[in-house]
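# A closer look at the structure
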Amino acid sequence: MSSDKFDLFSIVQSAGKAASDLFGKTKEAARTFIDEHGLNDIEGEDVAEAADKAMKKVSSVYEGMKTGGAQLGEKIAKAKREADLKKLQPIFAEDLGTPDFTMSRLIRLTRMDRRRASSEVCRGAVGHDSAPRDVRVVNLYTDHLSRFGLTFYPDAGSEIYYVDPSDRTKYIALDVYFEYMKAVRIAELRRIAEDLGARHFRITYREEKRALTRKPGISAAATDLERLDASGASSEVAAEADLLGHPPVRPALAYLRKDPAVQALIDLRFSPGSVPSQRVLIRLGDSSGMREKEAARIDAALDAMKCAGNATVTSEAQSESRRYLEYEIDF
């Protein structure tokens, strides 16, 4: 076939839409196409055979377009899925046992929201991660709580919980957190007295009052200075008992394991010539498991989640810093 008279394949490749339309035609239709364009003088090649080759070329181009389109579609779908996963951050049951997954200190019990319920990437999720005001919060879906292997105090009927500082698998409802921490530390001091072989112990709970003072000569408009008024402290006997007494056994500590006063008391009991009685003060702010800075971050997160209550966590943490236990023990 003379190349300067006619290059059928070049015409087919450049035909664009016409080439795609041509793909579905029969050989007879192809012959008509060639006749109409005055191509019957092609030398050395049957017209039908030329048309067949043309359609094969069109088929190849068409299949290439389909394959390329499918690959592009897959890339787009993959990019969208990755974007949705990053935005919605679903947590699946198989994630819970991996080294990369850890529970946050602050958690929320909730149900899957509408946006995630309608997303394919969240199908089968048991929870999701979020970071209101840069505070990480794991949201646990209430119909999948058993999958997380956690316990909740007093039950699973609240919304926001904070981790027990001595047990990473236990979470305390935030609105009773400081009350709970008071109770468990008093209970631990009772066990310490029993293990150390005490004959008597008394635990007095005290809270110093906050007072505002002004330096002499400073106007009323000036900033007041805060001080703690020990003379106005409230107090109550939280626990007291007479015991049988016995040789000491070193107690296992949980909530008070880092308290220096408690550690010193235990070491003294095992020292030669131990004194028959001791009185120590235990600052609750030192072992509360939540400092004021952390409490402020939690308040910000709660506000962002629209979960803030009447009392702030910060005010509770500030009150905790003024509370202490007076521990008297006789051997």
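Read on for an overview of the structure. (Residues numbered from 1 in each chain as written. Predicted model: local features only at pLDDT ≥ 70, side-chain atom pairs only at ≥ 80, totals over all residues. Heavy atoms only, no water.)

Moving on, we come to the nonpolar core. Counting residues in hydrophobic clusters, the biggest one holds 39 residues, and the most contacted among them are Met103, Ile107, Leu140, Phe152 and Met290. Secondary-structure elements contributing two or more residues to this core are β2 (106–110), β4 (137–141), β6 (160–164), β7 (167–173), α6 (177–195), α8 (292–304) and α9 (313–320). Here this core takes five residues from α6, the largest share from any one element. Residues in contact with phenylalanine 152, not counting those within four places in the same chain, are Ile107, Leu109, Leu140, Leu145, Tyr161 and Tyr171. (Core = buried A, V, L, I, M, F, W, Y, C linked by side-chain atoms within 4.5 Å. Buried < 20%, exposed > 50% of the residue type's maximum accessible area, 1.4 Å probe, protein only. Helix = DSSP H or I, 4+ residues; strand = E, 2+ residues; numbered from the N terminus. Contact = heavy atoms within 4.5 Å.)

Once that is clear, we can look at the sheet that holds β2. Strands sit in the order β1-β3-β4-β2-β6-β7-β5 across an open sheet of seven strands; the sheet is mixed. Of all the strands in the sheet, the pair left with one neighbour each is β1 (90–91) and β5 (151–153). Note: β2 against β6, three bridges, orientation antiparallel. By the bridge assignment for β6, leucine 106 is matched with tyrosine 162. Most of the contacts of α6 go to β7, to which it runs at about 125 degrees, and overall it touches β5, β6 and β7. (Pairing = 2+ DSSP bridges. Axes fitted to C-alpha atoms, helices over the stretch in contact; angles between N-to-C directions.)

For the rest of this paragraph, the subject is the environment of glycine 127. By the secondary structure assignment, glycine 127 is in strand β3 (residues 127–130). Accessibility expressed as a relative area gives 0% for glycine 127, which makes it buried. In this structure, the C-alpha to C-alpha distance between glycine 127 and valine 138, residues eleven residues apart in sequence, is 7.2 Å.

Working definition: an aromatic ring pair is given by the centre-to-centre distance plus the angle between the planes. Going through the model one piece at a time under the given rule, you end up with four aromatic pairs. On the basis of an interplanar angle of 45 degrees and a centroid distance of 4.8 Å, the ring pair of tyrosine 153 and tyrosine 180 is categorised as tilted. With tyrosine 153 in strand β5 and tyrosine 180 in helix α6, the pair connects residues that are 27 residues apart, well separated along the chain. The exposure class of tyrosine 153 is partly exposed, given its relative accessible area of 35%. On the accessibility criterion, tyrosine 180 (5% relative accessible area) is buried. With 5.4 Å between their ring centres and 85 degrees between their planes, tyrosine 162 and tyrosine 177 make a pair best called edge-to-face. Of the two residues, tyrosine 162 is situated in strand β6 and tyrosine 177 in helix α6; the sequence distance between them amounts to 15 residues. A residue is classified by how much of its surface remains accessible, and tyrosine 162, at 2% relative accessible area, is buried. Tyrosine 177 gets classed as buried once you look at its relative accessible area, which sits at 1%. Over the ring of tyrosine 205 we find lysine 182; its NZ or CZ atom is 3.8 Å from the centre of that ring. Note that arginine 250 overlies the ring of phenylalanine 270, its terminal NZ or CZ placed 4.4 Å from the centroid. (Phe/Tyr/Trp six-rings, centres within 6.5 Å; stacked < 30°, edge-to-face > 60°. Lys NZ or Arg CZ within 6 Å of the ring centre and 35° of its normal.)

Bridge count for β5 against β7 is three bridges, and the pairing is parallel. Each bridged residue has a counterpart across the sheet, and for threonine 151 the counterpart in β7 is lysine 170. Across four bridges, β6 lies against β7 in antiparallel orientation. When the bridges of β7 are listed, valine 163 appears paired with tyrosine 171. The hairpin formed by β6 and β7 contains two residues between the paired strands.

A word on the pattern of salt bridges. In this structure the tally under the stated criterion is 20 salt bridges. Lysine 182 is paired through a salt bridge with glutamate 236; the nearest N and O atoms lie 3.5 Å apart. Of this pair, lysine 182 sits in helix α6 while glutamate 236 sits in strand β9 (residues 225–242); the two residues are 54 residues apart in sequence, bridging distant segments of the chain. Residue glutamate 236 is classed as partly exposed on the basis of its relative accessible area, which comes to 40%. (Salt bridge = Lys/Arg side-chain N within 4 Å of Asp/Glu carboxyl O.)

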